[in-house]
Amino acid sequence: MKKIIFKEIQEGNDKIGLELDYTENFTILLPKYYISNEKINELNSFNNKIDDNTKNKIKKLFKAWDIYQKRNKSMLGAKFNNNKGIYDLNTSFELIKDFIEQDLYIEQEDAIKITNTGKMNFKKTINHCNPLYTKQGPVYLDYITNIKKPNDQNFIRLTQITILNEISKDFGWIIGFNYNFQIAEKIKLNKRTVQTLTEKLDKAYNTRKIHLLNLLIKYINNKSNDLMIGKKLFVGMANHFWEDMINYVIGNVSKADLKKFFYVKHYYVENDSIHALPPLMPDSIYKDPANIVVIDSKYYVNNYLPDNDDINKQYIYFLKTLLKFKHYENFGNCFILPTDEESHVSNKEVKFDIDTNANQFTIKLIYANVNEIIEFYTSNKKNQELINSLITAN
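Residues numbered from 1 in each chain as written. Predicted model: local features only at pLDDT ≥ 70, side-chain atom pairs only at ≥ 80, totals over all residues. Heavy atoms only, no water.

Peer 1: Give a description of the overall build of the protein that names residues and reports values.
Peer 2: Summing up its helical and strand segments, the protein has 14 helices and 15 strands in all. For the protein, the accessible area works out to roughly 22,300 Å², and carbon and sulfur atoms hold 49% of it. (Helix = DSSP H or I, 4+ residues; strand = E, 2+ residues; numbered from the N terminus. Areas by Shrake-Rupley, 256 points an atom, 1.4 Å probe, with all protein chains shown as cover.)

Peer 1: Can you lay out the side chain of Asp 296 for me, pointing to particular residues and giving the numbers?
Peer 2: On the secondary structure map, Asp 296 appears in strand E12 (residues 291–297). Look past the residues within four positions of Asp 296 in its chain and what remains in contact with it is Asp 283, Gln 314, Cys 334, Phe 335 and Ile 336. (Contact = heavy atoms within 4.5 Å.)

Peer 1: Account for the sheet that holds strand E11 (residues 284–287), with residues named and values stated.
Peer 2: Taken together, 5 strands build an open sheet; the order of strands is E11-E12-E13-E15-E14 and the sheet is mixed. The open sheet is flanked by E11 and strand E14 (344–350), the only strands paired with a single partner. Sheet twist, expressed as the average angle between the axes of neighbouring strands with direction ignored, equals 30 degrees. This element, helix H13 (residues 370–378), spans strand E13 (330–339) and strand E15 (363–369) of the sheet and lies at about 75 degrees to E15. (Pairing = 2+ DSSP bridges. Axes fitted to C-alpha atoms, helices over the stretch in contact; angles between N-to-C directions.)

Peer 1: Quick rundown of unusual backbone geometry? Include the residues and the values.
Peer 2: Of note, the phi angle at Asn 302 is positive, near 55 degrees, even though the residue is not glycine. By the element assignment, Asn 302 lies in the loop between E12 and helix H11 (308–324). Judged by relative accessible area, Asn 302 falls into the partly exposed class, the value being 45%. Of note, Asn 303 is a non-glycine position whose phi angle comes to about 70 degrees, a positive value. (Buried < 20%, exposed > 50% of the residue type's maximum accessible area, 1.4 Å probe, protein only.)

Peer 1: Go over a negative patch on the surface, please, and point to the residues and values.
Peer 2: Taken together, the side chains of Glu 38, Asp 340, Glu 341, Glu 342 and Glu 385 present a region of like negative charge at the surface. Tracing the sequence through the fold places Glu 385 in helix H14 (residues 384–393). (Patch = residues over 30% accessible without salt bridge, like charges linked within 9 Å, V, L, I, M, F, W, Y side chains within 5 Å. Salt bridge = Lys/Arg side-chain N within 4 Å of Asp/Glu carboxyl O. Lys, Arg positive; Asp, Glu negative; His and termini not counted. Charge placed at Lys NZ, Arg CZ, Asp CG, Glu CD.)

Peer 1: Give a description of the pairing of strand E9 (residues 267–270) that names residues and reports values.
Peer 2: Pairing of E9 with strand E10 (residues 273–276) involves 4 bridges; the strand directions are antiparallel. Across the sheet, the residue bridging to Tyr 268 is His 275, located in E10. What sits between the antiparallel neighbours E9 and E10 is a turn of 2 residues, in which Asn 271 has the positive phi angle 55 degrees.

Peer 1: Tell me about the nonpolar core, residues and numbers included.
Peer 2: One finds Ile 28, Phe 62, Phe 171 and Ile 336 to be the most contacted residues of the largest nonpolar core, which totals 79 residues. Setting aside anything within four residues of it in sequence, one finds Ile 336 in contact with Trp 242, Ile 246, Ile 250, Ile 295, Asp 296, Ser 297, Lys 298, Ile 366, Ala 368 and Leu 390. Counting residues in hydrophobic clusters, the runner-up holds 15 residues, among them Leu 258, Val 294, Tyr 315 and Tyr 328. (Core = buried A, V, L, I, M, F, W, Y, C linked by side-chain atoms within 4.5 Å.)

Peer 1: How would you sum up the environment of Leu 158? Please name residues and give values.
Peer 2: Turning to its location among the elements, Leu 158 is positioned in helix H6 (residues 153–170). Taking relative accessible area as the criterion, Leu 158 reaches 11% and is therefore assigned buried. Through-space distance from the C-alpha of Leu 158 to that of Ala 184 is 9.0 Å; in sequence the pair is 26 residues apart. If we skip the residues at most four places from it in the chain, Leu 158 touches Ile 183, Glu 185 and Ile 187.

Peer 1: Could you give an account of the packing of aromatic side chains, with specific residues and numbers?
Peer 2: Counted under the stated rule, the structure contains 20 aromatic pairs. Seen from their ring centres, Phe 93 and Phe 171 are 6.1 Å apart, and the 10 degrees between their planes marks the pair as stacked. Of the two residues, Phe 93 sits in helix H4 (residues 89–102) while Phe 171 sits in the loop between H6 and helix H7 (191–202), which places them 78 residues apart along the sequence. Neither Phe 93 nor Phe 171 differs from the other in exposure class; each is buried. Here Phe 177 and Tyr 179 contribute two aromatic rings whose centre-to-centre distance is 4.7 Å and whose plane-to-plane angle is 40 degrees, an arrangement assigned as tilted. We classify Phe 177 as buried; its relative accessible area is 4%. By relative accessible area, Tyr 179 is classed as partly exposed at 37%. (Phe/Tyr/Trp six-rings, centres within 6.5 Å; stacked < 30°, edge-to-face > 60°.)

Peer 1: Please provide a residue-by-residue account of a nonpolar patch on the surface, values included.
Peer 2: Residues Tyr 267, Val 269 and Ile 274 make up a contiguous nonpolar surface patch of about 340 Å² in total accessible area. Of note, Tyr 267 is situated in strand E9.

Peer 1: Before we move on, can you summarise the side chain of Asn 333 with the specific residues and values?
Peer 2: Along the polypeptide, Asn 333 turns up in strand E13. At a separation of 2.8 Å, a polar atom in the side chain of Asn 333 contacts the side chain of Gln 314. (Polar contact = N/O pair within 3.5 Å; in protein donor to acceptor, adjacent residues only side chain to side chain.)

Peer 1: Explain the environment of Asp 257 to me, and be specific about the residues and the numbers.
Peer 2: Mapping Asp 257 onto the fold places it in helix H10 (residues 255–262). With 28 residues separating them along the chain, Asp 257 and Ile 285 place their C-alpha atoms 9.7 Å apart.

Peer 1: Residue-level account of the pairing of E12, with values.
Peer 2: Taking burial as the measure, the 7 residues of E12 include 7 buried ones, the bulk of the element. Residue alternation in E12 divides its side chains into two sets, Asn 291, Val 293, Ile 295 and Ser 297 and Ile 292, Val 294 and Asp 296, and both sets are buried. With 4 bridges connecting them, E11 and E12 associate as antiparallel partners. Residue pairing in the sheet places Ser 284 in a bridge with Ile 295 of E12. Where E11 folds back onto E12 in an antiparallel hairpin, the turn is made up of 3 residues. One ladder, built from 7 bridges, connects E12 with E13; its direction is parallel. Opposite Val 294, over in E13, you have Asn 333 as the bridge partner.

Here is the structure:
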């Protein structure tokens, strides 16, 4: 039986997800503060019993990871996966969903041919062909016959089973997808299999078949490389996951509008030569008819606070906002950090020792409860209470 180890990620640049060592360990890399330290120590003790509440929390975390990857599809390409070591959890979930809704694959396609030779298929001919009417009745100059079509069911079904068994073995068992289909032969998940599936996809017209073939091909192409000791199934960086959740739960300005209105571009200029530096853009913006708040989501834990670089960039974002939206009544600027406490506005804030409106340029520190944010994220809802706190604080 696999031993499950729970581990909190301390640094934003570290990856969240799973590490599998089939000889003994199955490690879940959790966002900080999602499960308390006391509970983690209890779960990692020798008896390693997982209660129902923890199981439900793990299922919810997997759902949040799936949503995160759906919202950031550019991170799921095979090239990105190979370079960054990201596991395509979203495609695995789609394959599970396809199986639950439609079961193992059964060939639904049939081949017909319009011709004037061979044995007529009367029903299809009457329904689909136009006859020539004579005094003796309708005459079908062209009619439909059946032709033999290679049956794709066996190969597609075996590939589907091979992949579902792998998903179940990797992580499915911990979220309730605990299947072990018995098959005579296991399909090798390699480029040759992708080529065969692609050939079948090119000739397919049944909607379910096309969808399943696309998923199977994508799974194999994006398949993370197996290591000698197991697998590393990372779903993303801890800081990017936190930023996306805050942007979804609190922010309300699209990425396209962030780029259009809040991009900060800067250059080196020498005579007529311009050398552009990578542009800067805030993580999130909350905007309503009266208020506009610049948000920077920071995965800083253990009482660590944003540093000079963070503060300077946030100051630049705020200047750009002031210049672009002069007609607004109220402006705000804040860092949002994770916590296991109740969501709250901190007594600490960033002040600037410069000749300007001190209150206007203050950067507030807001702590958001991790469980609360994941709950709103997976429920497709805005955290209005936290939004109100954010507006009031500024």
